[in-house]
Amino acid sequence: MFESAVKDEAALRAALADADIAPMLMVLAQLSGDMDILDEVAPHIHGAWSFMEAVPEDLKQKVRDRLVATLQDYAATGRQPPIDLPADTLQRMMSAGVGQTVPADYIPLLVEETQLASEDARAVHWRRDGVSADGFNTVIIGAGFSGLCSAIRLKEMGIPFVILEKNQNVGGTWLENIYPGCAVDTPNHFYSYSFNQNDKWTRHFSRRDEILAYIGATADKFDLRQHIRFGVEVTRAAFNDRTSRWEVTFQSADNEAETIEANAVISAVGQLNRPSMPPIAGIDRFQGPLFHTARWDSSVDLKGKRVAIIGTGASAMQTGPSIAPDVAKLLIFQRTRHWVASNPNYHKEVSAGNRWAIANIPFFAKWMRFQLFWAGSDGFHASLKMDPSWNQPDISLNEANHKMREMMIDHIRNELGGDEELLAKVVPPYPPYGKRMLRDNHWYRMLKRPNVELVTDAIDHIAEDSILMKDGSAHKVDVIIMATGFQASKMLWPMEIVGRGGRTIRDAWGDDDPRAYLGITMPGFPNLFLTYGPNTNLAHGGSIIFHTECQVRYIAQALRDMIENDYATLEVTTSAHDDYNERLDEVCKNMVWAHPGVTSWYKNKHNRVTVTSPWTLLDYWKLTRTYSPADYHAERTEEAIAAE
Ligand code: N01
């Protein structure tokens, strides 16, 4: 385990000279038990991001020297490293590593997320020997991050499944989005499966191709492709009351409809996959290329063209600065303003020393994951609650939220070089975090380019070669890029999902009012499980893959209950579902997403927050950690009843 770290001392020392100090310190504390050095360094660490430390060089060198000696000692003696550290030791280490107190109730979650004590802490195991899942067929819809995660768990448990995937490859959103600059804005050493950590990320926030390659490599590693039918789009799934099975209908590439039966269905279709094309008058009259960011037309050469981007969300944030240098003119049509935060690591490559340490030093990657989890997890959650006594309720929620606002304005002002006129056009009038937070991809620098213009008037209509504004002005353009987002609230659409008694999901949810217990199960739809369902999007921090892993563990436990007990159906009770949603709505009401000054796709047309989770990561982890049979109504199979 320690050989590769110590076989070349010069390489080890070179890597340590360049690698981040906090994970290094934590490896040292874990392996040596030396808490004094931890206490010595801790006061110089002021936050979880790697750039938030000011550890003096001589102290860093002390850590490096001790770590070299410790690793060499482990390699020489063959000692086993301690992995079951007491909770109070872990808390002390973690708190030192991020420069703030990590509350005790986070420790089990963090041990699990980092895989510190086990290589797959979220795996679900049978409760007794000899259970066979043969004949229990499961359909997973979608081969993106959630679908593959579901498949991996089911495969481990020996539960038969097939994945139906409309595309010709795995990857979901990361396959479909190919717009220039497409990248993740959650750090990759955390935005990746906990059970399949990648020691090769080249960037802290990787580009689309690298993420897609990781997803593909995961599918290969777990040998999942043989279970996937590519190029088939599920159009309908109907629960048969008589057989207690789902009949899943899909359209194959040659347009043939086929139906297969399943005991259970797991939807892993995501929330952000059906582009939203706004009904702007005249949109069909435009004579040039017009396409959505998620349906990027690579055949269109933007060089030297007058290009319009409609929308200023996360997709525009990445597309705009990526194409601005090439086009003759870039016109950005901003309807409402978005908050944008900067992160010094956003454009950085992972340094050679960090990459070496991640690949060769045991536990380094785990502690780095911990650090990143902490950096972007629940830290801001409390500050996203409206304080009824706050005296500036239109623009912020409370003191912490207001500070955040001021910090971001400082950043924007700085980037705009003091251009107060432009500043006034881009600073949102509502509190930070109200809409999805964006990471600055040199957006403001782009706005300062001579060939870029920010248009803030309202669009009236589109004509053959131009976009016409309500104030009567017109902008001639060659190409229009719709960065207008997705139909997030219309979940599961356009699939027709038919539950008990022929009641459809649209009967239950209407067009845009989805609800589910824990975002996973709905009464009237037995044996149907959702990943990334209602109110599971993350808007305060975290990684959606963490949420997926929580959901998939829960679903795997529910399937285990069905199989071990010969249940034909498992259906969440109406009371569990309704109580949960009442609680959820109550919490949402006071969170920033429901702020009256905010319009966003987090809410439906009745102003109800349908997409975003109001819980902390810790809350949701606790809620989903253990599936509770008491929340479900189960019916046994006829065979099981007959055998009694
Ligand atoms: O879409 P959006 P997105 N006229 O809905 C505007 C994920 N993602 O594709 O705010 C004029 O956020 C609309 O204006 P307004 C991520 O979860 C992640 O950018 O509604 N404008 C808004 O500005 C993200 O949140 C990454 O007033 C119109 C924009 O279009 C989600 O996908 C990268 C309009 C839509 O913004 C969606 O992001 C990309 C109209 N009629 C995406 N209609 C990562 O970094 C809409 N707009 C991981």
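Residues numbered from 1 in each chain as written. Predicted model: local features only at pLDDT ≥ 70, side-chain atom pairs only at ≥ 80, totals over all residues. Heavy atoms only, no water.

Caption draft 1: Structural view of the overall build of the protein chain. Helix and strand counts for the protein chain come out as 21 helices and 21 strands. The C-alpha radius of gyration of the protein chain comes to 26 Å, within 12% of the 26 Å expected for a compact globule of 644 residues. Counting only C-alpha atoms, the protein chain reaches 75 × 75 × 55 Å along its principal axes. Counting across all 644 residues of the protein chain, residues that qualify as buried make up 58%. Long-range pairs, those at least 24 residues apart, make up 72% of the contacts in the protein chain between residues at least 6 apart in sequence. Summing over all exposed atoms, the protein chain offers an accessible surface of approximately 25,400 Å²; the carbon and sulfur share of this is 49%. (Helix = DSSP H or I, 4+ residues; strand = E, 2+ residues; numbered from the N terminus. Rg over C-alpha atoms; globule rule 2.2 N^0.38 Å. Buried < 20%, exposed > 50% of the residue type's maximum accessible area, 1.4 Å probe, protein only. Contact = heavy atoms within 4.5 Å. Areas by Shrake-Rupley, 256 points an atom, 1.4 Å probe, with all protein chains shown as cover.)

Caption draft 2: A look at the domain arrangement of the protein chain. In terms of domains, the protein chain is made up of domain 1 (3-122 + 352-375), domain 2 (138-273 + 488-643) and domain 3 (283-339 + 395-428 + 432-482). For domain 2 and domain 3, the distance between their C-alpha centres works out to 32 Å. Facing 20 residues of domain 2, the contacting portion of domain 3 comprises 20 residues. There are 2 salt bridges connecting domain 2 and domain 3. We note a salt bridge from Arg436 to Asp185, for which the minimum N-O separation is 2.5 Å. Joining domain 2 to domain 3, the criterion identifies 8 residue pairs in polar contact (both at pLDDT 80 or more). Of the residues assigned to the side of domain 2 that touches domain 3, the class counts are 11 nonpolar, 7 polar and 2 charged. (Domains from an automatic or database assignment. Salt bridge = Lys/Arg side-chain N within 4 Å of Asp/Glu carboxyl O. Polar contact = N/O pair within 3.5 Å; in protein donor to acceptor, adjacent residues only side chain to side chain. Nonpolar A, V, L, I, M, F, W, Y, C, P; charged D, E, K, R; others polar.)

Caption draft 3: Seen up close, the pattern of salt bridges. Counted by the stated rule, this structure contains 44 salt bridges. Note that Asp120 is salt-bridged to Arg153, the shortest N-O span being 3.1 Å. Here Arg153 lies in helix α8 (residues 145-157) and Asp120 lies in the loop between α7 (107-114) and β1 (138-141), a separation of 33 residues in the sequence. On the basis of relative accessibility, which here comes to 2%, the residue Arg153 falls in the buried class. Of the charged contacts in the structure, one is a salt bridge between Arg127 and Glu564, with a shortest N-O distance of 2.7 Å. Taken together, the positions of Arg127 in the loop between α7 and β1 and Glu564 in helix α18 (residues 544-564) put the pair 437 residues apart, joining distant regions of the chain. Arg127 sits in the partly exposed class, given a relative accessible area of 48%. Under the relative-accessibility criterion, Glu564 is labelled buried at 9%. When salt bridges that share partners are traced, they join Glu112, Glu113, Arg122, Arg369, Glu549 and Arg553 into one network.

Caption draft 4: Representation of the site of the ligand. The local shell around the ligand holds 23 residues, among which Thr312, Ala314, Ser315, Thr336 and Lys435 are the closest. Measuring from an oxygen atom of the ligand, one finds a backbone N or O atom of Thr312 at 2.9 Å. Separating an oxygen atom of the ligand from a side-chain N or O atom of Arg335 is a distance of 3.0 Å. Calculation on the ligand without its partners gives an accessible area of 910 Å², and the protein chains cover 85% of this total. For the shell around the ligand, the residue count by class is 10 nonpolar, 9 polar and 4 charged. Built from parts of two domains, the shell around the ligand gets at least three residues from each of domain 2 (138-273 + 488-643) and domain 3 (283-339 + 395-428 + 432-482). (Near = heavy atom within 4 Å.)

Caption draft 5: Representation of the pairing of strand β14 (residues 459-462) in the model. As judged from the 3 bridges shared by β14 and strand β15 (residues 466-469), these two strands associate in the antiparallel manner. Residue pairing in the sheet places His461 in a bridge with Leu468 of β15. What sits between β14 and β15 in their antiparallel hairpin is a turn of 3 residues. (Pairing = 2+ DSSP bridges.)

Caption draft 6: Fine view of the side chain of Glu112. Within the secondary structure, Glu112 is located in helix α7. With relative accessibility at 7%, the residue Glu112 sits in the buried group. Among the polar contacts made by the side chain of Glu112, one reaches the side chain of Trp621 at a distance of 2.9 Å. Among all residues touching Glu112, those that are not within four sequence positions of it are Ala121, Arg122, Arg553, Trp621 and Arg625.

Caption draft 7: A look at the pairing of strand β17 (residues 479-482). Every second residue of β17 is oriented toward a common face, with Val479 and Ile481 on one face and Ile480 and Met482 on the other, all of them buried. Relative to β17, strand β8 (residues 290-292) runs parallel, the two being bridged by 3 bridges. The partner of Phe291 across the bridge, within β17, is Ile481. Pairing of strand β9 (residues 306-310) with β17, which is carried by 4 bridges, proceeds in the parallel orientation. What sits directly across from Val307, in β17, is Val479.

Caption draft 8: Here's a closer look at the sheet that holds β17. Spatial ordering of the open sheet is given by β8-β17-β9-β10-β13, a layout of 5 strands whose pairing is parallel. Only two strands of the sheet have a single neighbouring strand rather than two, namely β8 and β13 (452-455). Across the sheet, the mean angle separating the axes of adjacent strands is 20° when strand polarity is ignored. Where helix α11 (residues 314-323) meets the sheet, it contacts β9, β10 (329-333) and β17, and its direction lies at approximately 165° from that of β9. (Axes fitted to C-alpha atoms, helices over the stretch in contact; angles between N-to-C directions.)

Caption draft 9: Highlighting the packing of helix α3 (residues 21-32) against helix α13 (residues 364-375). In the contact formed by α3 and α13, the axes pass within 8 Å of each other and the chain directions differ by 125°. The angle between the axes of α3 and α13 places the two elements in the oblique class. When the axes of α3 and α13 are compared, the crossing they make is right-handed. From α3, Ala22, Pro23, Met24, Met26, Val27 and Gln30 reach across to α13, where they touch Phe364, Trp367, Met368, Phe370 and Gln371. (Parallel < 35°, antiparallel > 145°, perpendicular 65-115°, else oblique. Left-handed = near helix turned anticlockwise from the far one by under 90°.)

Caption draft 10: Expanded view of the nonpolar core. Core analysis: the largest hydrophobic core is formed by 198 residues, its most contacted members being Leu148, Leu330, Trp367, Leu447 and Leu559. Looking at which element gives the most residues to this core, the answer is α18, with 11 residues. Once residues lying within four places of it in the same chain are set aside, the contact partners of Leu559 are Phe136, Leu154, Ile159, Ala264, Ile266 and Phe529. Counting residues in each nonpolar core, the second largest holds 14 residues, with Ile280, Ile283, Ile467 and Val477 among its members. (Core = buried A, V, L, I, M, F, W, Y, C linked by side-chain atoms within 4.5 Å.)

Caption draft 11: Here's a closer look at the environment of Gln61. Mapped onto the elements of the fold, Gln61 is located in helix α5 (residues 57-77). Gln61 sits in the partly exposed class, given a relative accessible area of 31%.

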